[in-house]
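The primary structure of each chain is shown beneath.
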Amino acid sequence: MRKLSNKNKIYIIIFSLIVISMVVILIYAVKLSRNDLTNVYDISTNSVIYDEENNLIDTSVGGNISKSWDDVYYYVTDESKYDIGKVSVVYEKATEEVFIFGKNHQILLTGDILENSNKTTISDLKSPGFYKLGDRKYLIVSSEIYNEDKSIYTSNYLVVSIDKQGNASLLNDVINVKTINPMILTFDKYFFDVANEKIIVGNKEINLKLINGSTNEYIPNKNKPIVEEVDMTEFIDAYNKLVSDFEQYAANNKNVGSSNQVITNNTIVNTGSNNNYNSASQNNNKTNINKRVSLRGALSYPTYIDVTYVVTDPEDRYQAIYLLITGMINGEMKSEKIILDKYETKYRITDLSPKNEYTISLGYVEVVEEGKEKTLVDNIEDVINVRTTKSNISIDVNKISSGKVKFTFKMTKDYAIERGKLTLYADEENIDEIQIDTKNALTKDGFIGELKLSDASLFEIRLEDSVYNGNIVDLKISKKFAYQFMN
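Note that the structure is a prediction, hence the values are computed from the model and not measured.

*Asks:* Explain the pairing of strand 29 (residues 373-387) to me, and be specific about the residues and the numbers.
*Replies:* The two faces of a sheet get side chains in turn, since along a regular strand they alternate between them. Sheet topology places strand 28 (residues 357-370) next to strand 29; 14 bridges connect them, and they run antiparallel. Among the inter-strand pairings, Ser361 is bridged to a residue of strand 29, identified as Val383. Where strand 28 hands over to strand 29, the hairpin turn is made up of two residues, of which Gly371 adopts a positive phi near 70°.

Structural data, given as structure tokens:
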């Protein structure tokens with residue numbers, strides 16, 4: 001028998017160590033998996049839970065929350081599984097309790113910081129509490145929560161998510177609003193400077209960015225109104241069209257005054273009889289009253305966004321107030337300008353698509369007087385990015401047998417497609433399809449159908465050729481499942 005060389009002995013030892021390491025890792029992974037099975041929390045059918053993208057989850061069928069090996073929490077029902085992130089807030093309506101799943105930091109009234117892990121239960125929602133949930137995400141608990149002018153006012157609890165520009169999304173069981181511009185939220189003895197991520201408790205100011213860091217890029221006084229240099233020759237035609245649209249709007253709304261019309265490069269002729277701007281400018285001793293245009297917030301839905309705005313124009317200097325929307329509108333990626341009524345405070349932007357990002361700008365056209373000349377200035381005052389919520393459309397696999405898959409397709413009236421089909425793919429090959437009965441899909445039981453299977457291992461049912469409001473829409477809704485044919 002040939003003796004092993006020292007070199008071969010070293011190779012055998014290394015190989016043995018690798019095998020042992022792999023076995024240890026496998027045992028550890030199995031142990032983690034088993035531990036996760038015991039780390040399960042039952043959730044009632046009267047709970048408020050949002051997924052990782054802040055979409056409301058339907059809890060009416062009941063389910064539980066479990067944590068995976070990588071510390072991500074999931075809301076699991078008999079038919080679905082939702083990613084709710086590494087830190088999630090659940091509100092139990094029946095008992096009026098709030099639960100935090102995951103690691104968080106509580107800022108006490110004394111200014112001290114307490115670290116919590118796993119499940120945190122908050123039973124008294126009248127007593128003030130403040131928690132940092134993660135990067136740019138916070139939870140407020142109090143009997144009253146409001147901003148400076150109380151345009152935001154709520155109670156019990158509020159989840160605050162901040163984007164990198166310092167804008168805040170405010171979320172609980174009654175509001176879902178995204179705001180722009182810095183704000184301070186007040187609750188009991190706490191004052192939360194949202195954009196700067198600072199909180200004042202008593203005489204202490206705490207920089208919340210220092211608690212596990214922050215990716216906030218907000219710089220105070222950075223977001224000032226943008227004054228665009230305008231080529232008047234090119235601008236006049238565009239502005240006259242804007243004025244024409246506005247006059248048409250004014251004709252249909254008697255409380256809106258008429259606009260001005262540009263007739264030369266620098267001269268504006270006032271066509272309205274009640275324009276206070278000329279009389280005010282002629283009286284140099286008259287006290288100027290501040291004018292202001294502000295985009296206050298936005299509330300998103302699958303197909304529309306409700307925008308709140310404020311216009312203060314006592315001297316009638318604004319010739320037009322408008323929204324500029326960029327995103328998927330009527331199934332096309334484009335920008336649209338909408339003339340606003342400056343005497344109103346709300347506007348609904350329609351014909352949008354679910355789970356799409358939209359840039360909404362609030363602008364105005366103003367008359368500026370320099371000496372004896374009057375010029376037009378087009379300003380963008382506020383800009384906000386808003387994402388529409390997902391459509392409440394689902395595909396569920398009910399049963400697989402006899403070479404067929406039985407499924408249920410459901411949708412609700414908040415976003416109901418006019419027609420579409422469900423296509424079954426086997427290992428990315430189209431093997432069967434069926435047209436959707438949209439009337440049945442809107443019922444409680446949904447549209448129930450069958451698709452033929454083929455010899456494959458991985459399958460996917462996809463929603464295709466769906467039409468909403470006369471336009472083809474790609475909703476990217478599908479259901480994957482695995483099935484092994486027996487030989």
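*Asks:* Can you tell me about the packing of aromatic side chains, naming the residues and giving the values?
*Replies:* If you walk through the whole model with that rule in mind, you get 16 aromatic pairs. With a centroid separation of 6.1 Å and an interplanar angle of 15°, the aromatic rings of Tyr146 and Tyr153 are classed as stacked. Put simply, the rings of Phe130, Tyr138, Phe187, Tyr190 and Phe192 touch in pairs and so form one group of aromatic residues. In this arrangement the basic side chain of Lys337 is found over the ring face of Tyr322, its NZ or CZ atom lying 4.2 Å from the centre. Its end group placed over the ring of Tyr425, Arg462 keeps NZ or CZ at 4.0 Å from the ring centre.

*Asks:* I'd love a proper account of the sheet that holds strand 1 (residues 40-43), names of residues and values included.
*Replies:* Judged by pairing direction, the sheet is antiparallel, and its four strands sit side by side in the order 1-3-4-5 without closing on themselves. Of all the strands in the sheet, just strand 1 and strand 5 (81-85) have a single pairing partner and so form its edges. Put simply, the sheet's adjacent strands are angled 25° from each other on average, direction ignored. As paired strands, strand 1 and strand 3 (residues 63-67) are joined by four bridges and run antiparallel to one another. Each bridged residue has a counterpart across the sheet, and for Tyr41 the counterpart in strand 3 is Ile65.

*Asks:* Please provide a residue-by-residue account of the sheet that holds strand 2 (residues 47-49), values included.
*Replies:* Each strand in a sheet pairs with its neighbour through backbone hydrogen bonds, running either in the same direction (parallel) or in the opposite one (antiparallel). Taking strand neighbours across the sheet as the criterion, the four strands line up as 2-6-7-10 in an open arrangement whose pairing is antiparallel. The open sheet terminates on both sides in strands that have one partner only, identified here as strand 2 and strand 10 (119-122). The sheet shows a mean angle of 20° between the axes of neighbouring strands, direction not considered.

*Asks:* Explain the pattern of salt bridges residue by residue, including any values.
*Replies:* Evaluated as defined, the whole model comprises 19 salt bridges. Here Arg348 ties to Asp306 by a salt bridge, and the two come within 2.7 Å at their closest N and O atoms. Highlighted residues: Arg348 in strand 27 (residues 346-349) and Asp306 in strand 24 (residues 305-312), separated in sequence by 42 residues. In this structure, Glu357 engages Arg387 in a salt bridge whose closest nitrogen and oxygen atoms are separated by 3.8 Å. You can see Glu357 sitting in strand 28 and its partner Arg387 sitting in strand 29, a full 30 residues away along the chain. Relative accessible area serves as the criterion here: at 44%, Glu357 is assigned to the partly exposed category. Taken together, the shared-partner salt bridges in this structure form one network comprising Asp313, Asp316 and Lys342.

*Asks:* Tell me about the environment of Asp112, and please be specific about residues and values.
*Replies:* With respect to the helices and strands, Asp112 occurs in the loop between strand 8 (104-107) and strand 9 (113-116). Given a relative accessible area of 44%, Asp112 falls into the partly exposed group. Sequence-wise, Asp112 and Lys204 are 92 residues apart; in three dimensions their C-alpha atoms are separated by 9.9 Å. Those residues within four positions of Asp112 in sequence are excluded, and the remaining contacts are Gln106 and Ile107. Polar side-chain contacts of Asp112 include one of 3.0 Å to the side chain of Thr110.

*Asks:* Mind laying out the side chain of Glu366, listing which residues take part and the relevant values?
*Replies:* Here Glu366 is to be found in strand 28. Here Glu366 is in contact with Lys291, Arg317, Tyr318, Thr375, Leu376 and Val377, once residues within four sequence places are set aside.

How each quantity is defined
- Residues numbered from 1 in each chain as written.
- Predicted model: local features only at pLDDT ≥ 70, side-chain atom pairs only at ≥ 80, totals over all residues.
- Heavy atoms only, no water.
- Pairing = 2+ DSSP bridges.
- Helix = DSSP H or I, 4+ residues; strand = E, 2+ residues; numbered from the N terminus.
- Phe/Tyr/Trp six-rings, centres within 6.5 Å; stacked < 30°, edge-to-face > 60°.
- Lys NZ or Arg CZ within 6 Å of the ring centre and 35° of its normal.
- Axes fitted to C-alpha atoms, helices over the stretch in contact; angles between N-to-C directions.
- Salt bridge = Lys/Arg side-chain N within 4 Å of Asp/Glu carboxyl O.
- Buried < 20%, exposed > 50% of the residue type's maximum accessible area, 1.4 Å probe, protein only.
- Contact = heavy atoms within 4.5 Å.
- Polar contact = N/O pair within 3.5 Å; in protein donor to acceptor, adjacent residues only side chain to side chain.

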